[in-house]
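Coordinates in review
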Amino acid sequence: MTELMTSGIELMFTGMGIVFLFLTMLVGAIVLMSAVVQRYFPEMPVSRSVPGISSDIDKSVVAAITAAVHQYRKKHN
């Protein structure tokens, strides 16, 4: 019985060690890939404007759209 328990404990620690080693290597690979991507592919500055849409929208149009959306949500909720 003790030999069977010893074999079970050895198997448990071997399995836990392999899982721990794999997870450690996975974290290392993710950190390495993140460093490589940040070095060779830096973030581009985000453009605040959407191409093809002018920012000269009439305030009355915005008010009308807002009112329509509000009425739709009120009716369908």
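As the structure is a prediction and not an experimental result, all values here were calculated from the model.

All right, on to the overall build of the protein chain then. Of the regular secondary structure elements, the protein chain holds two helices and zero strands. Looking at the protein chain as a whole, 0% of its 77 residues are labelled buried. Carbon and sulfur atoms provide 70% of the accessible area of the protein chain, an area that totals close to 7900 Å².

Together, M1, L4, M5, I9, M12, F13 and M16 make up an exposed nonpolar region whose accessible area comes to about 820 Å². Mapped onto the elements of the fold, M12 is located in helix α1 (residues 2–40).

Rules behind the numbers
- Residues numbered from 1 in each chain as written.
- Predicted model: local features only at pLDDT ≥ 70, side-chain atom pairs only at ≥ 80, totals over all residues.
- Heavy atoms only, no water.
- Helix = DSSP H or I, 4+ residues; strand = E, 2+ residues; numbered from the N terminus.
- Buried < 20%, exposed > 50% of the residue type's maximum accessible area, 1.4 Å probe, protein only.
- Areas by Shrake-Rupley, 256 points an atom, 1.4 Å probe, with all protein chains shown as cover.
- Patch = residues over 30% accessible without salt bridge, like charges linked within 9 Å, V, L, I, M, F, W, Y side chains within 5 Å.
- Salt bridge = Lys/Arg side-chain N within 4 Å of Asp/Glu carboxyl O.

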